[in-house]
Amino acid sequence: MRFGRFLNKDIVAGVVLILFSLWVIREAREFAAAAARFRGISPALFPTMLAVGAILLACIMIVRGLRKGRNWQFTFDFHHKNSFLALGLVVATALYGLTLEFLGFLLATTLYALIFIVWMKGAKPLRALIISCVAVGAIYFVFHTLMFVPFPRGEIFSLLLGE
């Protein structure tokens, strides 16, 4: 069997997504030690559920890629608007992950949602800010207040408040 049949962007993307999801599951298992300090649902539950869902979707991509056969055309067209939108989303997601501990869940997630809504959807900044604040507030209320899932508080507040 030749590997030429597997040179398909759906198959490659599916395999990469499965590997990333397995890494997320492995990292989430380390949350179990932290869960003993908190009451309620383990912090590992939601990342694990998302990773399992991603694995299932990646399997669908792989099957679709196998049916499609060899079709390797991976290009990044800098003249296309969607290319910049996708690149901006990747950069914003990386910055979100890097600043989450420092800024805390509420501030980092609100900024991320604001950037996403303005950049990707083209919404007006004030409207995007209101939507971001309401969405993040609802997420915080449901997961932190009702389900006792701990979120990063943010080192910036300790620095600013002198705690």
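All of these numbers come straight from a predicted model, not from anything done at the bench.

J.: So what exactly am I meant to see when it comes to the overall build of the protein chain here?
T.: Secondary structure assignment for the protein chain yields six helices and zero strands. For the protein chain, the α and β elements follow one another from N to C terminus as α-α-α-α-α-α. When each of the 163 residues of the protein chain is scored for burial, the buried share is 25%. Restricting the contact set of the protein chain to residue pairs at least 6 apart, pairs at least 24 apart contribute 64%. As presented, the protein chain carries roughly 11,700 Å² of accessible surface, and 73% of it is formed by carbon and sulfur atoms.

J.: I'm lost on the pattern of salt bridges in this one. Help?
T.: Opposite charge on two side chains makes pairing possible when the charged atoms of those side chains draw close. Applying the stated criterion across every chain yields a total of two salt bridges. Ionic pairing is found between Arg64 and Asp10, a salt bridge with its closest N-O pair at 3.1 Å. One end of the pair, Arg64, is in helix 3 (residues 45-68); the other, Asp10, is in helix 1 (residues 9-29), and 54 residues separate them in sequence. Here Glu27 and Arg26 are joined by a salt bridge, their closest N and O atoms 3.1 Å apart. The exposure class assigned to Glu27 is partly exposed, which follows from its relative accessible area of 26%. Classification of Arg26 by relative accessible area gives partly exposed; the value is 47%.

J.: Would you mind going over the confidence of the model for the protein chain with me for this structure?
T.: Note that predicted coordinates carrying low pLDDT should not be read in detail. Overall, the predicted model of the protein chain reaches an average pLDDT of 82, with 83% of residues at or above 70. Model confidence for the protein chain, summarised as mean pLDDT per element, is weakest for helix 2 (residues 31-35) at 62 and strongest for helix 5 (residues 125-146) at 93.

J.: When you look at the environment of His144 in this model, what are you seeing that I'm missing?
T.: With respect to the element layout, His144 can be found in helix 5. Judged by its relative accessible area of 28%, His144 falls in the partly exposed class.

J.: Explanation requested: helix 4 (residues 81-121) in the structure shown.
T.: Note on helix geometry: an α-helix contains 3.6 residues per turn, so any two residues three or four positions apart are oriented the same way. Here helix 4 spans only 12 Å end to end across 41 residues, well under the 60 Å set by a 1.5 Å rise per residue. At the C-terminal side of helix 4, Gly122 shows a positive phi close to 70 degrees.

J.: What is the right way to read the environment of Tyr140 from this model?
T.: Structurally, Tyr140 is set in helix 5. Linking Tyr140 and Pro150, residues 10 residues apart in sequence, is a C-alpha distance of 9.5 Å. Filtering out sequence-adjacent residues up to four positions away, Tyr140 remains in contact with Phe105, Leu106, Thr145 and Phe151.

J.: Just checking my understanding: could you explain the packing of helix 4 against helix 5 for this structure?
T.: Helix-helix packing is described using two parameters, namely the angle between the two axes and the distance between the axes. Interaxial distance between helix 4 and helix 5 falls to 8 Å at its minimum, and their mutual angle equals 140 degrees. Taken together, the axis directions place helix 4 and helix 5 in an arrangement best described as oblique. Read as a crossing pair, helix 4 and helix 5 show a hand that is right-handed. Every residue of helix 5 that contacts helix 4 at Phe105, Leu106, Thr109, Thr110, Ala113, Leu114, Ile117 and Val118 is listed here: Pro125, Ala128, Leu129, Ile131, Ser132, Cys133, Val136, Ile139 and Tyr140. Looking at the contact of helix 4 with helix 5 residue by residue, the classes come out as 14 nonpolar, three polar and no charged.

Definitions and cut-offs
Residues numbered from 1 in each chain as written. Predicted model: local features only at pLDDT ≥ 70, side-chain atom pairs only at ≥ 80, totals over all residues. Heavy atoms only, no water. Helix = DSSP H or I, 4+ residues; strand = E, 2+ residues; numbered from the N terminus. Buried < 20%, exposed > 50% of the residue type's maximum accessible area, 1.4 Å probe, protein only. Contact = heavy atoms within 4.5 Å. Areas by Shrake-Rupley, 256 points an atom, 1.4 Å probe, with all protein chains shown as cover. Salt bridge = Lys/Arg side-chain N within 4 Å of Asp/Glu carboxyl O. pLDDT = per-residue confidence, 0-100. Expected span 1.5 Å × (residues − 1). Axes fitted to C-alpha atoms, helices over the stretch in contact; angles between N-to-C directions. Parallel < 35°, antiparallel > 145°, perpendicular 65-115°, else oblique. Left-handed = near helix turned anticlockwise from the far one by under 90°. Nonpolar A, V, L, I, M, F, W, Y, C, P; charged D, E, K, R; others polar.

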